[in-house]
Amino acid sequence: MGDNVTTDTRVDVSMTVNGDPVEARVDTRLLLAHFLREEAELAGVRIGCDTTSCGACAVLLDGRAIKSCTLFAVQAGGRTVTTIEGIAGDRSLHPVQEAFREEHALQCGFCTSGFVMATIELLDTNSEPTEDEVREGLSGNLCRCTGYANIVSAALRAAEAMRSAGKGLD
């Protein structure tokens, strides 16, 4: 009866977020999406479903697009996370953001950051995608407002711009 059982499920976690070190004590069950929104105060990470269905919470984890509602914050410990807030330069948009703007590839904007992050990874792995490859590459993201045509056009425009400029995420 005298045994003291601790039920503290909080642990220290540190990661690099948008180039900056971030350290926090978090519950082991805290999803990365909630950590980024609540602890790191990055509102660009949207939470649309918590079930991996919509992709609005997509971020880059070590350069790969992941749905941050599928990963615990502690699993990102020691890794590099890039959110929509971390992709643009000091005074300019990332080429994918610029292409989304030019192609009017959004309506309400809720899903846009997830589509942008997924597009960045797609173009990092395939610099000359076909329309079908773009559609396949972005199939894990859902938009409730558009018909996807402008999103696909934006991805293709971004691919061309990035090839012309020789520019990626870096």
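Residues numbered from 1 in each chain as written. Predicted model: local features only at pLDDT ≥ 70, side-chain atom pairs only at ≥ 80, totals over all residues. Heavy atoms only, no water.

Topic: the overall build of the protein
Then comes step 1: What the protein contains, in helices and strands, is five helices and five strands.
Then comes step 2: The secondary structure elements of the protein, listed N-terminal to C-terminal, are β-β-α-β-β-β-α-α-α-α.
Then comes step 3: On the principal axes, the C-alpha backbone points of the protein span a range of 70 × 30 × 25 Å.
Then comes step 4: For the protein, with 170 residues in total, the buried portion stands at 41%.
Then comes step 5: Looking at the protein as shown, the accessible area adds up to about 9,300 Å², and 45% of this sits on carbon and sulfur atoms.
Then comes step 6: Placing the 15 positive and 25 negative side-chain charges of the protein at their respective mean positions leaves the two points 4 Å apart. (Helix = DSSP H or I, 4+ residues; strand = E, 2+ residues; numbered from the N terminus. Buried < 20%, exposed > 50% of the residue type's maximum accessible area, 1.4 Å probe, protein only. Areas by Shrake-Rupley, 256 points an atom, 1.4 Å probe, with all protein chains shown as cover. Lys, Arg positive; Asp, Glu negative; His and termini not counted. Charge placed at Lys NZ, Arg CZ, Asp CG, Glu CD.)

Observations concerning the environment of Cys57
Then comes step 1: Take Cys57: it is sitting in the loop between α1 (32–39) and β3 (58–61).
Then comes step 2: On the basis of relative accessible area, Cys57 is assigned to the buried category, the value being 3%.
Then comes step 3: Taking the C-alpha atoms as reference points, Cys57 and Ala105, separated by 48 residues in sequence, lie 17 Å from one another.
Then comes step 4: Apart from residues no more than four positions distant in its own chain, Cys57 is found in contact with Ala33, Val45, Arg46, Ile66, Lys67, Ser68 and Cys69. (Contact = heavy atoms within 4.5 Å.)

As for the environment of Arg10
Then comes step 1: Looking at the element boundaries, Arg10 is found in strand β1 (residues 10–17).
Then comes step 2: Placed 126 residues apart in sequence, Arg10 and Glu136 show a C-alpha to C-alpha distance of 39 Å.
Then comes step 3: In this view, Arg10 contacts Arg25, Val26 and Asp27; residues no more than four positions away in its chain are not counted.
Then comes step 4: Side-chain polar atoms of Arg10 contact the backbone oxygen of Arg25, separated by 2.6 Å. (Polar contact = N/O pair within 3.5 Å; in protein donor to acceptor, adjacent residues only side chain to side chain.)

A closer look at helix α5 (residues 149–165)
Then comes step 1: For α5, which comprises 17 residues, the first-to-last C-alpha distance of 24 Å matches the rise-based estimate of 24 Å (1.5 Å per residue) to within 8%.
Then comes step 2: Considered for burial, the residues of α5 that qualify are Ile151, Val152, Ala154, Ala155, Ala158, Ala159 and Met162. In an axial view of α5, the angular spread of the buried residues amounts to 155 degrees, which keeps them on one side of the axis.
Then comes step 3: Where α5 is buried, its residues meet α2 (95–102), α3 (112–125) and α4 (131–137).
Then comes step 4: Directly beyond the C-terminal end of α5, a positive phi value near 65 degrees is found at Gly166. (Expected span 1.5 Å × (residues − 1). Arc of directions from axis to C-beta.)

Concerning the nonpolar core
Then comes step 1: The biggest cluster of nonpolar side chains holds 26 residues, and the ones touching the most others in it are Val96 and Phe100.
Then comes step 2: For this core, the secondary structure elements donating two or more residues are β3, α2, α3 and α5.
Then comes step 3: Aside from chain neighbours lying at most four places away, what touches Val96 is Val116, Thr119, Ile120, Leu123, Ala158 and Met162.
Then comes step 4: Listed in part, the 21 residues of the second largest apolar core include Ala24, Leu36, Val45 and Ala76. (Core = buried A, V, L, I, M, F, W, Y, C linked by side-chain atoms within 4.5 Å.)

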